[in-house]
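Spelled out from the first residue to the last, the chains are:
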Amino acid sequence: MVSSTEHSKTDEDCDAVGERSPEAVASQTDSDAELAKLEDRWRRAVADLDNLRKRYTRELDRERTTERSRVAGAWLPVVDNLERAIAHTGDQSDAVVEGVRSILGQALQVLEQLGYPRDAESGVPFDPQRHEVVGVVEQADSAPGTVVEVVRPGYGQGSSQLRPAAVVVSRREE
């Protein structure tokens, strides 16, 4: 007679031939579900980190632009005062006046490097994006809406306008 222990298979014997006990199958299913859950959490964490990096990059760019604008705006009165000082010298050409002209040139260069080039062009059509009208004159020799004189230069271009140019615009006699 054969004993019952000889006929019963152990879990190892079942695994060896491809058969598994219901407990082993349930345990494997639980492990697979836990692995899928952890993998999903990992992917979400990676996506959240990527979104955070992108948001910080946008915020950093916006903060840099704001700070650059603030610094350039604080610099404008210095530039304006240097221009006034040079205007009061007339045709003098002593060393002090030349030094002030040199400093003004450096100040204008700094503004341009910050992204705010000088806009003091006359003879161009009036553009409300670039110009602020401070006066209107009648001139027969220029087309209506032409910038005749720049009273105060503007700085910037396109959407990054630090200050519009204050201009006098022509109109035709009626």
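Going by what an unreviewed UniProt entry lists, the chain is known as Protein GrpE and is assigned to Mycobacterium simiae. Its UniProt record gives the chain the following Sequence similarities (unreviewed entry) comment, quoted word for word: "Belongs to the GrpE family." The heading Subcellular location (unreviewed entry) in the UniProt record of the chain holds the text "Cytoplasm".

Draft legend 1. Summary view of the sheet that holds strand β5 (residues 160-163). Spatial strand order, β1-β4-β5: three strands in an open sheet with antiparallel pairing. Two strands in the sheet have a free side with no partner beyond their single neighbour: β1 (118-119) and β5. Taken together, the two bridges between β1 and strand β4 (residues 154-157) define a ladder with antiparallel strand orientation. Paired with aspartate 119 across the bridge in β4 is glycine 154.

Draft legend 2. Structural context of the side chain of serine 142. Note on placement: serine 142 falls in the loop between β2 (131-138) and β3 (147-152). A polar contact is formed between the side chain of serine 142 and the side chain of glutamine 139, at a distance of 3.3 Å. Looking at serine 142, its side chain comes within polar contact range of the side chain of serine 170, at 3.2 Å.

Draft legend 3. Representation of the nonpolar core within the structure. Counting residues in hydrophobic clusters, the biggest one holds eleven residues: Ala72, Leu76, Val79, Leu82, Ile86, Leu104, Ala107, Leu111, Tyr116, Tyr155 and Leu162. Among the elements of the structure, α3 (22-89) and α4 (95-113) are those that each provide at least two residues to this core. Looking at this core element by element, the count peaks at five residues for α3. Discounting chain neighbours no more than four positions away, the residues touching leucine 162 are Ser69, Ala72, Gly73, Leu76, Leu111, Tyr116, Tyr155 and Gly156. Val147, Ala165, Val167 and Val169 belong to the second largest nonpolar core, which has five residues in total.

Draft legend 4. Region of interest: the UniProt feature "coiled-coil region" (unreviewed entry) in the chain. In the numbering used here, UniProt assigns the "coiled-coil region" (unreviewed entry) feature to residues 35-66. The span residues 35-66 shows a helical share of 100% and a strand share of 0%, and its end C-alpha atoms are spaced 46 Å apart.

Draft legend 5. A look at α4. Here α4 is 19 residues long and its end C-alpha atoms lie 27 Å apart, about the 27 Å a rise of 1.5 Å per residue gives. Of the residues making up α4, those classed as buried are Val97, Leu104, Ala107 and Leu111. The buried residues of α4 occupy an angular sector of 75° when the element is viewed end-on, so they sit on one face. Opposite the packed face of α4, turned more than 90 degrees from it, sit the exposed residues Ala95, Glu112 and Gln113. Directly after α4, the chain includes glycine 115, whose backbone phi takes a positive value near 100°.

So, how was this worked out
- Residues numbered from 1 in each chain as written.
- Predicted model: local features only at pLDDT ≥ 70, side-chain atom pairs only at ≥ 80, totals over all residues.
- Heavy atoms only, no water.
- UniProt positions renumbered as here; feature names shortened; annotations may be inferred.
- Pairing = 2+ DSSP bridges.
- Helix = DSSP H or I, 4+ residues; strand = E, 2+ residues; numbered from the N terminus.
- Polar contact = N/O pair within 3.5 Å; in protein donor to acceptor, adjacent residues only side chain to side chain.
- Core = buried A, V, L, I, M, F, W, Y, C linked by side-chain atoms within 4.5 Å.
- Buried < 20%, exposed > 50% of the residue type's maximum accessible area, 1.4 Å probe, protein only.
- Contact = heavy atoms within 4.5 Å.
- Expected span 1.5 Å × (residues − 1).
- Arc of directions from axis to C-beta.

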